Structures are given as C-alpha cells and as structure tokens.
Amino acid sequence: MNAEGRRLNGGESPKADLIAAIPSLRAFAVSICGNSDRADDLVQETLVKAWGSLSSFSEGTNLTAWLFTILRNIYYSEYRKRRREAPDPDGAIAARLVAPESQHAHMDFLDFRDALQKLPLDQREALILVAASGMSYEEAAEICGCAPGTMKSRVNRARNRLAELMSPPAGPAGEARETRRQEALTQD
C-alpha cells in the first residue's frame with residue numbers, strides 16, 4: 001500500500017480494498033494498544049463497522065485514512081469504557097506469564113516495544129502513522145484531527161523521546177543490562 005492509501009474505484013471490489021488494508025490497520029492497532037490479540041479485535045471491529053457503513057464512504061477519497069479514523073475512534077471509545085480496569089502499562093504482569101527468549105534481537109524488540117508504549121499516545125500515534133505506515137504529515141494530521149505542523153512536532157518529539165528511552169541508562173542498572181546483552185550474544 002502506498003503513502004497515498006487505497007482509493008475505491010470501479011475496477012476493484014470494496015471487499016478486496018478492505019482486505020488489502022488489513023496489514024496496515026493491524027500494525028497501527030498494535031502500536032496504539034500494545035496487545036496483538038486486542039489489535040486483531042480492533043481491526044475486526046473496524047472492518048465490520050466499515051463494511052456496514054460502506055455506503056457513507058465517498059468514492060475517490062482515501063480509504064486507508066477512513067479506515068484508520070474508524071479504528072482510532074473505536075479504540076478511544078473503548079479506552080474511555082475501560083479506564084476503570086486494572087492497568088498493566090509496564091507489562092509487569094504479562095511479563096511474568098511469558099518465558100523470555102534468549103535471542104538478542106528479540107530482547108531489542110522488547111526494549112523498543114516498551115519504549116514505544118511509554119510515549120504519550122498522541123506522539124506514538126503520530127510516529128506510527130508517519131514513520132511506520134508511510135503516510136504524509138498531512139494525511140496523518142487529517143486522521144488525528146490536527147494541523148500538519150502539530151503532526152510534525154509530535155513526530156519529532158516522539159523520535160527524540162524514543163531515542164532517549166532506547167539509550168542505555170547510566171550507572172549500575174545500565175551496566176547490568178549491557179552485561180545481560182553480552183551474555184545473550186555469547187550464548188547464541
């Protein structure tokens with residue numbers, strides 16, 4: 001899927017267009033909710049809602065942006081409903097349920113995922129839409145309902161904060177982390 005997103009046209013069926021958007025929708029859903037199972041549910045709900053509202057979609061407009069907006073609205077609606085549930089933002093409870101793998105790349109990915117989840121939602125959302133999904137600042141701004149300049153600022157702050165979070169901490173904690181990384185590398 002290109003940066004402009006998919007547009008419905010007479011030659012393709014709406015079903016094929018929706019199916020083609022699933023990988024991008026899933027990646028975005030995982031990035032905002034941090035849980036792949038929940039992300040799958042969000043994508044499914046998005047597709048059901050989009051299919052039911054296909055008659056309200058204006059042909060010639062950006063289908064991907066429309067689907068991302070639906071997904072984002074579903075997420076925020078459910079977020080407001082679930083605010084009173086016990087949160088697990090740092091993944092401590094979930095981490096106790098899984099055996100960590102010994103591969104170095106997997107550890108880097110987990111560090112990245114944790115750092116990404118620590119970003120404020122508006123920055124994380126902006127970074128995923130622009131950097132990971134390949135959308136323009138204007139398209140991402142339209143989805144989020146803000147100015148393109150605001151989107152650029154959010155992406156810049158997100159990149160800077162992510163770099164800060166990914167750098168090894170100074171002191172004994174950082175040294176212990178690097179020692180574990182080196183040990184994992186020698187075991188492979």
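Above this note sits the structure.
To keep things clear, this report deals only with the structure shown in the data block. (Residues numbered from 1 in each chain as written. Predicted model: local features only at pLDDT ≥ 70, side-chain atom pairs only at ≥ 80, totals over all residues. Heavy atoms only, no water.)

### Re the overall build of the protein chain
Spelled out, the test is: A helix here means a DSSP run of H or I that spans at least four residues, while a strand means a run of E at least two residues long, and both kinds are numbered starting from the N terminus. Partly exposed residues are those whose accessible area sits between 20% and 50% of the maximum for their type, while under 20% is buried and over 50% is exposed, using a 1.4 Å probe and protein chains only. Contacts are residue-level and defined by heavy atoms, with any inter-residue pair within 4.5 Å sufficient. For accessible areas, the Shrake-Rupley method is used with a probe of radius 1.4 Å. Any residue's cover is judged against the shown protein chains and nothing else.
Within the protein chain, the regular secondary structure consists of nine helices and zero strands. Counted from the first residue to the last, the protein chain has its helices and strands arranged as α-α-α-α-α-α-α-α-α. Taken over 188 residues, the protein chain has a buried fraction of 34%. Considering only contacts in the protein chain between residues 6 or more positions apart, those separated by 24 or more positions represent 63%. A total of about 11,300 Å² of accessible surface is found on the protein chain, and carbon and sulfur atoms cover 53% of it.

### Remarks on the environment of Y79
Looking at the secondary structure, you find Y79 in helix α3 (residues 63–82). For the pair Y79 and C33, spaced 46 residues apart in the sequence, the C-alpha separation amounts to 9.3 Å.

### Re the nonpolar core
Applied cut-off: Take the buried Ala, Val, Leu, Ile, Met, Phe, Trp, Tyr and Cys residues and link them wherever side-chain atoms come within 4.5 Å; each set so joined is a nonpolar core.
Residues L25, W66, L67, L129 and M151 are the most contacted members of the largest nonpolar core, which totals 42 residues. Counting only elements with at least two residues in this core, the list comes to α1 (14–33), α2 (36–52), α3, α5 (104–118), α6 (121–132), α7 (137–144) and α8 (148–166). Look past the residues within four positions of L67 in its chain and what remains in contact with it is L18, A21, L25, T46 and A50.

### Describing the packing of aromatic side chains
To keep things clear, this is the line we draw: Side-chain rings of Phe, Tyr and Trp, where Trp is taken by its six-membered ring, are said to pair if the distance between their centres is within 6.5 Å; with planes under 30 degrees apart they count as stacked, over 60 as edge-to-face, and otherwise as tilted.
Tallied over the full model, the rule gives four aromatic pairs. Measuring from ring centre to ring centre gives 5.0 Å for F28 and F68, while their planes differ by 40 degrees; the resulting arrangement is tilted. Placement of the pair is F28 in helix α1 and F68 in helix α3, with a sequence separation of 40 residues. Here the two residues F28 and F68 agree in accessibility, since each one is buried.

### Quick look at the state of the cysteines
Stated formally: By disulfide we mean two sulfur atoms from cysteines, separated by a distance within 2.5 Å.
On inspection of all chains with the given rule, the structure shows zero disulfides. C146 takes part in no disulfide bond, and the closest cysteine sulfur to it belongs to C144, at a distance of 5.5 Å.

### A closer look at α6
Within α6, nine of the 12 residues are buried, leaving the element largely enclosed by the surrounding structure. Looking only at α6, the buried set comprises L121, Q123, R124, E125, A126, L127, I128, L129 and V130. Buried residues belonging to α6 abut α1, α3, α5, α7 and α8.

### Side note on the side chain of R124
Here is the rule: Positive charges come from Lys and Arg alone, negative charges from Asp and Glu alone, with His and the N- and C-terminal ends not counted. Here a salt bridge means any side-chain nitrogen of Lys or Arg lying within 4 Å of a carboxyl oxygen belonging to Asp or Glu. Polar contact criterion, stated in full: a pair of N or O atoms within 3.5 Å, where within protein one must be able to donate a hydrogen and the other to accept it, and residues adjacent in sequence count only if both atoms are side-chain atoms.
Mapping R124 onto the fold places it in helix α6. Despite its burial, R124 pairs with no opposite charge; the closest candidate is D122, at 8.1 Å N-O. A polar contact of 2.4 Å, which involves the side chain of R124, links it to the side chain of Q117. Once residues lying within four places of it in the same chain are set aside, the contact partners of R124 are S31, I32, L116, Q117 and L119.

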